[in-house]
Amino acid sequence: MVSNERDAAESCKIEVYCQDMCLFSGEFSGQLEVGRQRQNEPPPPVMMAGRQHQRLILASLTELDVSRSHLLLEPQGERRVTVTNLLRQGVVAIRDTLVDSGQSAAFHLPLRVQLGRYELHVDSTRPVVPSMIRSAGPASIVSSLALRRPVEISITELETQKSLAPERVVKWVQQILAFFQEVAGTEQFYLSALGGMQQMLNLTSAAVLFYEDGHWLSKLVVSADGNEHSEGWRASHTVLDMVRNERVACRHIPTSDGDVVNSLTEINSVVAAPIFDEQGEVVGAIYGDRRRTLLQGEADISELEMLFVELIASGISSGLIRVEHERRSSAARTRFEQFFPPSLAKRLEDDESFLKGRNCDVSILFCDIRRFSEISERIGPEETVLWINSVMDALSECVLQHNGVLVDYIGDELFAMWGAPDEQPNHAVLACRAALSMLDKLPRLNELWSERIGGPLDIGIGINSGQAQVGNIGSNVKFKYGPLGNSVNIASRIQNATKQLQATALVSEATARLVADKMMLRRLCQIQVVNVQTPITVYELAADQSEEYGELSRLYQAGLAAFESGNSIEACKKLTEVLARYPDDGPSIILLSRAVNQIGHPDAAVDTVWRLDRK
């Protein structure tokens, strides 16, 4: 292969996408290193000059799924680029190739590469230029195969060829436009494309073939006699492989002295053009031939006719890509509606930029099913699946009814969020209302399941509000939209604390401040949870929002105030009064035991913070 691109300095353009949004666009002509931000480097994405080559800073310091030096890209001419894996360990998957650490591989452009949550789009800045087969084999092959190259054909030239008169060209265009209206991928879609091509170009036969598992397989063949398939029909695999390898349309005119390209001796000429997928890979071809036996005197397939075949192939490519987009859109809609309210799911389907990672003020809820291991062991796996599905369906409905996002199910725990991707100023109120709805569901769930699981169903709920980094916290393989950060950790720890405080639902002080004028809360105590140094004040969110609960809260606060002031004896008196009226109040029992313990150790310093020793 000889090309006037080979010795020329190739330049490439590169674009960085995340969640289908273009974050960066630039060009490079030499080696380009791609990696994560280093100390003292500007924030990503940005391209900068380096000591040895240009450097594209793709990801921030904290995005550890991208290495500081991840890839090295280098244009090679002939619309190819070499990719070197700069990782010390690990492979990089590009198309169907695994590039080992320290190894390189060459790829045709355009190229897409996934790094963490980013997608690189690399393509040449140079247009496709003439390219000819030279001394690649026997003279008969060399003289009879020519790759497509841009041509300019004037009206004068058309008028000198009766078969290519302008009115015929207009008719071709009209037929092609009609074909583009068909629904891509259907039988009628291919039939319209091939039937139109066969009639327009006076072909003996026309076919669509796809390349699967190393073989060319015909999807549909249309012959001149009107049949949708022809017995014994076969295509030139040399031509098809040429289209696949060179990624351009080509035509083949057998020579009279015995063509070794194929043994189809009745062929007058052949034309084929590639069908591309979204990644720019050749996945199929549209193919046509003229045979001497049926079309005596018909001219060889011309270069203009080949361009029309290529146009039809482009229409098929576009149609199939459109269908794939629609399929993914439908899948995205289904995926979003599992986790987001329907109105928000529709917005996300239309504009996935909402999913881009960013800092948000959110409220996070964790809800845990109590005694899950004990119950599942008792009732067995089949019944456990039915039980957990029933409970999670009910709890999830509460989240979605109050415009929350279902982030995940972690074993027997539900994880939800408010405040993103759409901003919700009342996110804390919505989270607390969802929690109260969950508590309201318990009686009905117990009617359905208490007898089957051997006792009442109980849950524990923890809520915290604050800033979090929100986005796709899963991967490109498995999507999971949600928050990351200390606010999430605290919400989880508060949920765990419900067991030790004998409370069903707890909220942090940050949440309490946001909802205090909307619902009744009871300040229980200060706790210090595992791996969080700062004590957290927790409040009970009770299912009972009546005046009776307000009286319980008032009496409890008197006992808590005495305990926190160091007067444990007075605290015991106050809490005994509480339990005389509300004997089943778990937080009062817990606080009373702490006061009694303090009385039993009069020399010990009073520590009002309850330090929890387990998650």
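Residues numbered from 1 in each chain as written. Predicted model: local features only at pLDDT ≥ 70, side-chain atom pairs only at ≥ 80, totals over all residues. Heavy atoms only, no water.

**Focus: the sheet that holds strand β6 (residues 71–77)**
No. 1: Taken in spatial order, the six strands line up as β4-β5-β3-β6-β7-β10 in an open sheet, and their pairing is mixed. The open sheet has two free edges, formed respectively by β4 (46–49) and β10 (104–108), since each of these has just one partner strand. The average undirected angle you get between the axes of adjacent strands in this sheet is 25°.
No. 2: The pairing of strand β7 (residues 80–85) with β10 spans five bridges and is classified as antiparallel. Its bridge partner lying in β10, Val 81 is registered against Phe 107. (Pairing = 2+ DSSP bridges. Helix = DSSP H or I, 4+ residues; strand = E, 2+ residues; numbered from the N terminus. Axes fitted to C-alpha atoms, helices over the stretch in contact; angles between N-to-C directions.)

**With respect to the packing of aromatic side chains**
Geometry of an aromatic ring pair is reported as the spacing of the ring centres plus the angle between the planes.
No. 1: Applying the stated criterion across every chain yields a total of three aromatic pairs.
No. 2: Ring geometry for Phe 372 against Trp 387: centres 5.8 Å apart, planes inclined by 15°, an arrangement best described as stacked.
No. 3: Given the relative accessible area of 21%, Phe 372 is considered partly exposed.
No. 4: Taking the relative accessible area as the measure of exposure, Trp 387 reaches 0% and is therefore buried.
No. 5: Over the face of the ring belonging to Trp 449 we find Arg 452, whose NZ or CZ atom lies 3.9 Å from the ring centre.
No. 6: Lying over the aromatic face of Tyr 556, Arg 522 brings its terminal NZ or CZ to 4.8 Å of the ring centre. (Phe/Tyr/Trp six-rings, centres within 6.5 Å; stacked < 30°, edge-to-face > 60°. Buried < 20%, exposed > 50% of the residue type's maximum accessible area, 1.4 Å probe, protein only. Lys NZ or Arg CZ within 6 Å of the ring centre and 35° of its normal.)

**Considering the packing of helix α8 (residues 372–401) against helix α9 (residues 427–453)**
Helices that pack against each other are described as a pair by the angle of their axes relative to one another and the distance between those axes.
No. 1: Running from amino to carboxyl end, α8 crosses α9 at an angle of 150°, the nearest separation of the two axes being 10 Å. By the criterion of interaxial angle, the relationship of α8 to α9 is roughly antiparallel. Read as a crossing pair, α8 and α9 show a hand that is right-handed.
No. 2: Here the residues of the contact of α8 with α9 sort into 14 nonpolar, two polar and five charged. (Parallel < 35°, antiparallel > 145°, perpendicular 65-115°, else oblique. Left-handed = near helix turned anticlockwise from the far one by under 90°. Nonpolar A, V, L, I, M, F, W, Y, C, P; charged D, E, K, R; others polar.)

**Quick word on the environment of Tyr 118**
No. 1: Residue placement: Tyr 118 occurs in strand β12 (residues 118–124).
No. 2: For the pair formed by Tyr 118 and Cys 18, sequence separation is 100 residues and the distance between their alpha carbons is 4.9 Å.
No. 3: Ignoring any residue separated from it by four or fewer positions in sequence, one finds Tyr 118 in contact with Val 16, Tyr 17, Cys 18, Leu 23, Leu 58, Ala 59, Glu 63 and Val 113. (Contact = heavy atoms within 4.5 Å.)

**Description of the sheet that holds strand β11 (residues 111–115)**
No. 1: Pairing is antiparallel in the open sheet, where four strands are placed in the order β2-β1-β12-β11. The strands lining the two open edges of the sheet, one partner per strand, are β2 (21–28) and β11. For this sheet, the mean inter-axis angle between neighbouring strands, taken without regard to orientation, is 20°.
No. 2: Sheet analysis places strand β1 (residues 12–18) next to β12, joined by six bridges and oriented antiparallel. Considered in β12, the bridge of Glu 15 is made with His 121.

**Some details on the side chain of Ser 69**
No. 1: Inspection of the secondary structure assignment puts Ser 69 in the loop between β5 (54–59) and β6.
No. 2: Separated by 3.0 Å, the side chains of Ser 69 and Glu 33 make a polar contact.
No. 3: Discounting chain neighbours no more than four positions away, the residues touching Ser 69 are Glu 33, Val 34, Arg 38, Leu 86 and Leu 87. (Polar contact = N/O pair within 3.5 Å; in protein donor to acceptor, adjacent residues only side chain to side chain.)

**Brief notes about the pattern of salt bridges**
No. 1: Enumeration according to the criterion identifies 21 salt bridges in this entry.
No. 2: Between Glu 383 and Arg 452 there is a salt bridge, with its nearest N and O atoms 2.9 Å apart. Note that Glu 383 is positioned in helix α8 and Arg 452 in helix α9, a separation of 69 residues in sequence.
No. 3: When its relative accessible area of 22% is taken as the criterion, Glu 383 is described as partly exposed.
No. 4: Here Glu 540 and Arg 522 are joined by a salt bridge, their closest N and O atoms 2.7 Å apart. Remark: Arg 522 occurs in strand β25 (residues 522–528) and Glu 540 occurs in strand β26 (residues 536–540); sequence separation between them is 18 residues.
No. 5: With relative accessibility at 0%, the residue Arg 522 sits in the buried group.
No. 6: One network of salt bridges, with partners in common, ties together Glu 33, Arg 38, Glu 41 and Arg 55. (Salt bridge = Lys/Arg side-chain N within 4 Å of Asp/Glu carboxyl O.)

**Some details on the environment of Pro 45**
No. 1: In this structure, Pro 45 sits in the loop between β3 (32–36) and β4.
No. 2: When the C-alpha positions of Pro 45 and Leu 23 are compared, they lie 7.0 Å apart, and in sequence the two are 22 residues distant.
No. 3: Dropping the residues within four chain positions of it, Pro 45 is found in contact with Leu 23, Phe 24, Ile 57 and Leu 58.

**What about the environment of Val 99?**
No. 1: With respect to the helices and strands, Val 99 occurs in strand β9 (residues 97–99).
No. 2: For the pair formed by Val 99 and Thr 84, sequence separation is 15 residues and the distance between their alpha carbons is 7.6 Å.
No. 3: For Val 99, the residues in contact, after removing those within four places along its chain, are Val 83, Asn 85, Gly 90, Val 91, Val 92, Ile 94, Ser 104, Ala 105 and Phe 107.

**Observations concerning the packing of helix α13 (residues 568–581) against helix α14 (residues 586–600)**
No. 1: Two elements in contact, α13 and α14, have axes separated by 9 Å at closest approach and are oriented at 155°. Accordingly, the angle class assigned to the pair α13 and α14 is roughly antiparallel. Considering the relative orientation of α13 and α14, their crossing is left-handed. Residues Ser 568, Ile 569, Ala 571, Cys 572, Leu 575, Thr 576, Val 578 and Leu 579 of α13 pack against Ser 588, Ile 589, Leu 591, Leu 592, Ala 595, Val 596, Gln 598 and Ile 599 of α14.

**Here's the deal with the confidence of the model for the chain**
No. 1: On average, residues of the chain carry a pLDDT of 80, and 77% of them reach 70 or more.
No. 2: Contacts from residues 1–8, a stretch scored under 50 in pLDDT, to residues over four places away or in other chains number 20 contacts.
No. 3: Overall, residues 256–264 carries pLDDT values under 50, and its contacts beyond four positions in sequence, including any with other chains, amount to 21 contacts. (pLDDT = per-residue confidence, 0-100.)

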